[in-house]
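Coordinate inspection notes
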Amino acid sequence: MINVLVCGISGKMGANIVNLLKDDKEAKVVCGVDLHAPENCEVPVYPSFENIKEKVDVIIDFSSPAVIKSELDWAVKNKVPAVLASTGYSENDLKFIDDCAKKVAIFRTANFSLGVNLLVKLVNKAAEVLGESFDIEIIEKHHNKKVDAPSGTALMLADSANAAFENSKKYLNGREGIVGKRGNEIGIHAVRGGTIVGEHDVLFAGEDEIITLSHSARSKTVFAAGAIKAAKWVAGKPAGKYDMNDVLENL
């Protein structure tokens, strides 16, 4: 049985993790880290990592970048792999994550949906096949409480497409005014409204034809399920950086 620590256990995604693992035969939640414990919580919840007493095999983090330093310091010290599901990390945060990955297993991806990660692979293949004769535009839609834009998934899709062009294309976040004709770019556009869980469309626009690759998440449960799959996969792995490509290769 894999013992899971949920960082951000009081949030919606933390609740999803707890609910999905209630009857799981391979993993269970043994504690959480958050400023406040959720109502009717059946496991200990600590305000900081320094207070943890339970044996932990893996961390699932759906909190915020604000805790990354204390979280990974604890993970490295205790040799506990971490699944990072937050977005909005700064350049310094990302460097710190890379440094910690030399000492402990860290699983990080912008989106834990298996469908999205399959979409990433399809986008790369489409860009390779269609080449420079097709313009690429990405439209991402999320709920009105999402704080960062463009989404980490949109950037992941842009990076996947750009890899087919040796990363030569610049990213243009939205357009306004007289911008002139299109250049060597990938357009990225963010929509925020209502309770949209997450939608991503990648348009390949060519001469007289358009190809659209899309993914729509109807519930945040798909992200929690993917994070749990990642946690089970990364538990016990040696130090290094891992992502959903590693999981997909073993399906």
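This text goes with the structure placed above it.
To start, this report covers the structure provided alongside it.

Thresholds, definitions, all that
- Residues numbered from 1 in each chain as written.
- Predicted model: local features only at pLDDT ≥ 70, side-chain atom pairs only at ≥ 80, totals over all residues.
- Heavy atoms only, no water.
- Pairing = 2+ DSSP bridges.
- Helix = DSSP H or I, 4+ residues; strand = E, 2+ residues; numbered from the N terminus.
- Axes fitted to C-alpha atoms, helices over the stretch in contact; angles between N-to-C directions.
- Phe/Tyr/Trp six-rings, centres within 6.5 Å; stacked < 30°, edge-to-face > 60°.
- Buried < 20%, exposed > 50% of the residue type's maximum accessible area, 1.4 Å probe, protein only.
- 1 Å grid on protein atoms, 1.4 Å probe; cavity = no way out; pocket = protein on both sides within 12 Å on 5 of 7 lines; lining within 4 Å.
- Points joined across faces, edges and corners; volume = space filled by probe spheres on them.
- Nonpolar A, V, L, I, M, F, W, Y, C, P; charged D, E, K, R; others polar.

Here we take up the sheet that holds strand E9 (residues 185-192). Overall, mixed pairing links the five strands, which are arranged E8-E9-E7-E10-E11 in an open sheet. Looking at the sheet topology across the chains shown, the edges are occupied by strand E8 (170-173) and strand E11 (209-217). Sheet twist, expressed as the average angle between the axes of neighbouring strands with direction ignored, equals 20°. Note that E8 and E9 share four bridges and pair parallel. Residue pairing across strands places Asn173 opposite Ile188, the latter belonging to E9.

With that out of the way, let us pick up the packing of aromatic side chains. Within this structure, the stated rule accounts for five aromatic pairs. Aromatic pair Phe49 and Trp74: ring centres 5.8 Å apart, planes at 45°, arrangement tilted. Of this pair, Phe49 sits in the loop between strand E3 (45-46) and strand E4 (58-61) while Trp74 sits in helix H2 (residues 68-78), and the two are 25 residues apart along the sequence. In terms of burial, Phe49 and Trp74 fall into one category: buried. On the basis of an interplanar angle of 55° and a centroid distance of 6.3 Å, the ring pair of Phe62 and Phe112 is categorised as tilted.

So, on to unusual backbone geometry. Going from Ala149 to Pro150, the amide bond is cis rather than trans, its omega being -5°. Topologically, Pro150 is positioned in the loop between strand E7 (135-142) and helix H5 (152-163). Unlike most non-glycine residues, Lys79 shows phi in positive territory, near 55°. Along the polypeptide, Lys79 turns up in the loop between H2 and strand E5 (82-84). We note that Glu166 has phi near 55°; this positive angle belongs to a residue other than glycine.

By volume, the largest pocket amounts to about 950 Å³. What lines the largest pocket is a set of 32 residues, and nearest its centre among them are Met13, Thr87, His143, Lys146 and Lys220. Within the residue set of the lining of the largest pocket, elements represented by two or more residues are helix H1 (12-21), H5 and strand E10 (198-206). Tallied by class, the residues present in the lining of the largest pocket amount to 10 nonpolar, 17 polar and five charged. The volume enclosed by the second largest pocket comes to roughly 700 Å³. Around the second largest pocket sit 25 residues that line it, and Arg108, Thr109, Ala110, Met156 and Asp159 are the ones nearest its centre. Broken down by secondary-structure element, the contributors of at least two residues to the lining of the second largest pocket are helix H3 (91-100), helix H4 (114-130), H5, strand E12 (240-242) and helix H7 (244-248).

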